[in-house]
Structure formats: structure tokens, C-alpha cells
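As a plain string of letters, each chain reads:
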Amino acid sequence: MTEMSRNSGQEGGRPGRIGIGLELDDTHLKILEVLRENGRISVAALAERVGISRANAYTRFEALRADGAIRRFTAEIDHARVGLGITALIFVTVRQQMWRQFRAQLAQMPEVEYCAITTGQHDAMIQVRVADVSAVHTMVTERLAGIPAVKATETVFILDEVLRRPYVLPSDLPKDRGAGQPPRRLAPEPAQDPVPLGMTRFVGAAEGRASLRKEP
């Protein structure tokens, strides 16, 4: 591993330390880009896509796994197709002395897909996937409300998942513009009527309130 790491740092143009010491270069990032599209690709096809030998592709792939840069492989499913068509975000305020209990109770809820500790008004955000709206209601009003560590909750339903990437890489990010070069500014868009999004119609707060006052 040490020898491989030392050699890989000489090949790429943008080395960086990850995990236990593997030198992450542009070739490693390209491997991760290809695996993001198809995690079941063969080593031979991976080598061809990246532009390196098969032996080099295998060595680098195994090094990424051993170093922990690649943590695991999993399948991506269509949640609606398997009967979990409702996704909701539940923002939770936690009693500060009871974090351990909150974590332990949350681990027992299989419908929780993701949980993160957050800054701001709430302490944690939970993403759940369930079959229908009543399942969210039951979870919030019975299961979460029954946890002494939970002080308050706020629920938001997701109408449409516009974008979901398996992961983001440094190579995805915009390049530096260079010193002294001002950022490019986009021309302001002309004012338009409120645009319908799916079955929901969003309007600005000011004009929305004004129109609501006029309606009977």
C-alpha cells in the first residue's frame, strides 16, 4: 500500500491525502467517476474507460477499497416501484440531555433512510420512505412523539426528487477562475407569472397575500 501510494502521487496532477494515506490523484477520481455510473463494470472495461492498463486499474481499485475511499457497493432502487411512494423530511428538536436515547430509538425504525444532526432551528433531520401519508402521520404522532428525547417535530413532504447523485467528487466542482478575474454574472430574468410545479403553484409572499385578501 505504501509503495502504491507513493507511485500514484507521481502520475496525477492533483494529489490529495485520503483515508490512511493513499495519494488520491486524477486517475483515482476518474475511476470513481466511472464507478458512479456503473458499479458493476468489469476491470477490463474500467481500464478502457479510464485509459490505463488492466493491472493498473485493478491495483488502484483495490487500493481505493482498502483505504476506505470506496466503503461499499449497493443497489439503487425505484422506491415508488417497490411500494414506497411517499418521502418525507421530519425535523426534530431533541432534549439535549437525551441524545443517546434518541439515537438508539431511531436505529430501531427501519423506514428511516437518513438522519443528520443539523444546525439551525431544529437539531436533526430525518428522511423516511413509506407507503402512504397515514404511515408518516403514525410515525410522527405515535412513534416519534412517544420518545421522551423528542421535544418537537416538523414534517415536510417531498413532492418530487429533482436530483439525486450517488456521490459528488472534487473533479465535479467548478475550477478556480484565477486571481483578478471577476465572476461571470447572469443577466436578470424577466418577471414572469407564477409558474406551476407539478400540482402545486408557488407565488411570492407579497403578491400571494394581496391576491388572497381579494378572494372571497
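Residues numbered from 1 in each chain as written. Predicted model: local features only at pLDDT ≥ 70, side-chain atom pairs only at ≥ 80, totals over all residues. Heavy atoms only, no water.

Draft legend 1. Representation of helix 3 (residues 43-50) within the structure. What helix 3 keeps buried is the set Leu46, Ala47 and Val50. Projected down its long axis, helix 3 shows its buried positions confined to an angular sector of 100 degrees, all on one face. Where helix 3 is buried, its residues touch helix 2 (26-37) and helix 4 (54-67). Looking one or two places after helix 3, you find Gly51, whose phi comes out positive at around 90 degrees. (Buried < 20%, exposed > 50% of the residue type's maximum accessible area, 1.4 Å probe, protein only. Helix = DSSP H or I, 4+ residues; strand = E, 2+ residues; numbered from the N terminus. Arc of directions from axis to C-beta. Contact = heavy atoms within 4.5 Å.)

Draft legend 2. Region of interest: the pattern of salt bridges. In this structure the tally under the stated criterion is nine salt bridges. Its salt-bridge partner being Asp25, residue Arg60 comes within 3.1 Å of it at the nearest N-O pair. Taken as a pair, Arg60 in helix 4 and Asp25 in the loop between strand 2 (22-24) and helix 2 lie far apart in primary sequence, 35 residues in all. In this pair, the class of Arg60 matches that of Asp25, namely buried. Residues Glu33 and Lys30 are paired through a salt bridge, measuring 3.8 Å at the closest nitrogen-oxygen approach. With Glu33 and Lys30 both in helix 2 and three residues apart, this pair spans about one turn of that helix. (Salt bridge = Lys/Arg side-chain N within 4 Å of Asp/Glu carboxyl O.)

Draft legend 3. Seen up close, the pairing of strand 4 (residues 112-117). Pairing analysis gives five bridges linking strand 4 to strand 5 (residues 124-130), with the strands arranged antiparallel. Across the sheet, Ile117 pairs through a bridge with Ala124, a residue of strand 5. (Pairing = 2+ DSSP bridges.)

Draft legend 4. Structural context of the environment of Arg100. Position of Arg100 among the secondary structure elements: in helix 5 (residues 99-106). When the C-alpha atoms of Arg100 and Ala149 are compared, they prove to be 8.7 Å apart, with 49 residues separating the residues in sequence.

Draft legend 5. Structural context of the pairing of strand 3 (residues 86-94). Here strand 3 lies mainly inside the structure; seven of its nine residues are buried. Two elements, strand 3 and strand 5, share seven bridges in a ladder whose sense is antiparallel. When the bridges of strand 5 are listed, Ile86 appears paired with Val130. Judged from the seven bridges that link them, strand 3 and strand 6 (residues 150-157) form a sheet pairing that is antiparallel. Bridge pairing in strand 6 places Phe91 opposite Glu154.

Draft legend 6. The environment of Gly51, seen in detail. Tracing the backbone shows Gly51 in the loop between helix 3 and helix 4. Taking relative accessible area as the criterion, Gly51 reaches 62% and is therefore assigned exposed. Taking C-alpha positions, Gly51 is 9.9 Å from Ile31, a pair spaced 20 residues apart along the chain.

Draft legend 7. Looking closely at the sheet that holds strand 5. Taking strand neighbours across the sheet as the criterion, the four strands line up as 4-5-3-6 in an open arrangement whose pairing is antiparallel. Among the strands making up the open sheet, the edge pair consists of strand 4 and strand 6. Pairs of neighbouring strands in the sheet enclose a mean axial angle of 20 degrees, with direction left out of account. Strands strand 3, strand 4, strand 5 and strand 6 of the sheet are contacted by helix 5, whose axis makes an angle of about 160 degrees with strand 4. Helix 6 (residues 133-144) rests against strand 3, strand 4, strand 5 and strand 6 of the sheet, and its axis sits at about 170 degrees to strand 6. (Axes fitted to C-alpha atoms, helices over the stretch in contact; angles between N-to-C directions.)

Draft legend 8. A look at the packing of helix 2 against helix 4. In contact at an axis separation of 11 Å, helix 2 and helix 4 are set at 85 degrees when each is read in the N-to-C sense. Overall, the two elements helix 2 and helix 4 adopt an arrangement that is roughly perpendicular. Within the contact between the two elements, helix 2 uses Thr27, His28, Ile31, Leu32 and Leu35 and helix 4 uses Arg60, Phe61 and Leu64. (Parallel < 35°, antiparallel > 145°, perpendicular 65-115°, else oblique.)

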